[in-house]
Amino acid sequence: MRLVYISLLLVALPLLTTNGQSSSKTTDVALERKLQAALAGFRGDVGVYVYNLRTGKSVAINADTLFPTASTIKVPIQCGIFNKIHQGKLAYNQELIYKDSLHYDDGIVGSLRDGAKIPLSQVIMLMETVSDNTGSLWCQALAGGGSAINEWLETNGFHQTRVNSRTPGREAFRTRYGWGQTTPREMAELMIYIRRGHAISAEASDEMYRNLGRQFWDENGLSQIPSDVKTACKTGAVNQARSEVIFVHAPYGEYAYCMMTKNQKDESWGPANEGSTLLRTVSAIVWRHFEPKSKYEPTTRYEK
């Protein structure tokens, strides 16, 4: 039944190019004006890409500028590891053995005792759902390292998105961008690529998309979308950057968008950070633009 559903879905969505980009170049002028006004005065650099899958219209503001991925790099890492699974070099539910040498920080995976057993599927889930860093670096290694993931990205038409950390030859890029680098357009298009079933295979895309639909860090852009609306999301944060990519199954029509910042003056942590605040503002503007009849009002979120 799942494969039938995916096939019907692929027919229903608009025609995209190889890496998921729309063949339409129509700009949503009204939405662009709203977003330009919201971004004005931000103390840092910011880029936004929005694509409405029903209308084919988009908004691109610094959408092809490189930004630090922070934890949004875990979307490409998931693609890399599912590529290994598809090749038969790994099994999704195979048992892994944790070693203290894998420890990066004290997240869930990093808190396991030496010799603990855990399925690969759970490590992938923790990477996407709670953004577990030790688990993510473990997945990156199992995927063949950053070089293998970057090769998959290049082959699939994502020429700007790259893993930098622990990747030979990319030390200078790591110094500038951190763990990874991408553009708002490419990260949003990667989410669409997965949604359409083009990443690895229809079955792999389906499982990856389900993982991205379980997001613990939901206090930024996700907080502006009704809780009963299906979404897939990944967020990222480092001192001077915030990022979020979201696919929204809105009643009036599905849309995807990505907002990224860098060189922020505000390096504080917490919901009042200027980058985090702008993530919520942009999400609310896009939602209300596409869903003007919605009466949803965001509730106050608990700080995590």
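In every chain, residue numbers begin from 1 and rise along the written sequence. Totals for whole chains, interfaces and linings use all residues, but because this is a predicted model, local features are given only for residues with pLDDT of at least 70 and pairs of side-chain atoms are given and counted only at 80 or more. Side-chain calculation: all heavy atoms of the structure are included, whereas hydrogens and water are not.

## Looking at helix 10 (residues 274–290)
One turn of the α-helix equals 3.6 residues, which is why residues spaced by three or four share an orientation. In this description a helix means any DSSP run of H or I spanning at least four residues, a strand means any run of E spanning at least two, and both kinds are numbered starting from the N terminus. What a helix should span is 1.5 Å times the count of its residues minus one. For helix 10, with 17 residues, the first-to-last C-alpha span of 24 Å sits near the 24 Å given by 1.5 Å per residue. With a 1.4 Å probe rolled over the protein chains alone, any residue whose accessible area is under 20% of its type maximum counts as buried; one over 50% counts as exposed, and the rest are partly exposed. Most of helix 10 is tucked away, with 13 of its 17 residues classed as buried.

## Description of the packing of helix 3 (residues 74–86) against helix 8 (residues 184–195)
Lines are fitted to the C-alpha atoms to define the axes, a helix being fitted only along its stretch in contact, and any angle between axes, read from their N-to-C directions, falls within 0 to 180 degrees. Where helix 3 meets helix 8, the closest approach of the two axes is 10 Å, and the angle between their N-to-C directions is 40°. One way to sum up the angle between helix 3 and helix 8 is to call them oblique. In this structure, helix 3 crosses over helix 8, and the sense of that crossing is left-handed. Residues Val75, Pro76 and Cys79 of helix 3 pack against Met187, Leu190 and Ile194 of helix 8. By the definition adopted for this analysis, an angle is roughly parallel if under 35 degrees, roughly antiparallel if over 145, roughly perpendicular if from 65 to 115, and oblique otherwise. Should the near helix be turned anticlockwise from the far one by less than a right angle, the crossing is termed left-handed; should it be turned clockwise, right-handed. In what follows, residue pairs with any heavy atoms lying within 4.5 Å of each other are defined as contacts.

## A few points about the confidence of the model for the protein chain
Looking at the protein chain as a whole, the pLDDT averages 92, with 90% of positions reaching at least 70. The pLDDT score gives, residue by residue, the confidence of the prediction method on a 0 to 100 scale. Low pLDDT, under 50, characterises residues 1–18; the predicted model gives this stretch 26 contacts beyond four residues in sequence or across chains. A low-confidence stretch, residues 20–24 stays under pLDDT 50, and its non-local contacts, those more than four residues away or across chains, total 13 contacts.

## Details of the nonpolar core
Grouping buried Ala, Val, Leu, Ile, Met, Phe, Trp, Tyr and Cys residues that are joined through side-chain atoms within 4.5 Å yields what is termed a nonpolar core. Ile81, Phe82, Ile124, Trp152, Leu190, Ile194 and Phe247 are the most contacted members of the largest nonpolar core, which totals 52 residues. It is helix 8 that contributes the most residues to this core, seven residues altogether. Membership of the second largest hydrophobic core comes to 26 residues, among which are Val48, Ile61, Leu222 and Leu279.

## Focus on the packing of aromatic side chains
In this scheme Phe, Tyr and Trp rings, the latter by its six-membered ring, pair at centre separations within 6.5 Å, and the angle between planes marks the pair as stacked below 30 degrees, edge-to-face above 60, and tilted otherwise. Scanning the entire structure with this criterion turns up seven aromatic pairs. With centroids separated by 5.2 Å and ring planes inclined at 45°, the aromatic side chains of Phe82 and Tyr92 adopt a geometry described as tilted. Of this pair, Phe82 sits in helix 3 while Tyr92 is found in the loop between helix 3 and strand 4 (95–97), placing the two residues ten residues apart along the sequence. Given the relative accessible area of 5%, Phe82 is considered buried. By relative accessible area, Tyr92 is classed as buried at 19%. Here the aromatic residues Trp152, Phe158 and Tyr193 are joined through ring pairs into a cluster of three or more. In this structure, Arg242 packs its charged tip against the face of Trp269, placed 4.4 Å from the ring centre. Put simply, a charge is over a ring when the Lys NZ or the Arg CZ is close to the ring centre, within 6 Å, and near the line of the ring normal, within 35 degrees.

## Thoughts on the environment of Thr277
Examined against the element boundaries, Thr277 turns out to sit in helix 10. The partly exposed category is assigned to Thr277, whose relative accessible area is 32%. Residues Thr277 and Gly221, spaced 56 residues apart in sequence, show a C-alpha to C-alpha distance of 8.8 Å. Sequence-distant contacts of Thr277, defined by excluding residues within four places in its chain, comprise Pro271 and Ala272.

## Here we look at the sheet that holds strand 6 (residues 162–163)
Pairing within the open sheet is antiparallel, and its three strands lie in the order 3-7-6. Lying at the two open borders of the sheet, with one neighbouring strand each, are strand 3 (67–68) and strand 6. Here strand 6 pairs with strand 7 (residues 180–182) via two bridges, running antiparallel. Each bridged residue has a counterpart across the sheet, and for Arg162 the counterpart in strand 7 is Gln181. A pair of strands is considered paired only if DSSP assigns at least 2 bridges between the two.

## What to know about the sheet that holds strand 9 (residues 241–248)
With respect to topology, five strands assemble into an open sheet ordered 2-1-10-9-8, the strand pairing being antiparallel. The outermost strands of the open sheet, each flanked by one partner alone, are strand 2 (58–61) and strand 8 (231–238). Neighbouring strand axes in the sheet, compared pairwise and without regard to direction, differ in orientation by 5° on average. Contacting strand 1 (45–52) and strand 2, helix 2 (residues 29–39) crosses the sheet at an angle of about 30° to strand 2. Of the strands in this sheet, strand 1, strand 2, strand 8, strand 9 and strand 10 (255–262) touch helix 8, which is tilted by about 150° from strand 10.

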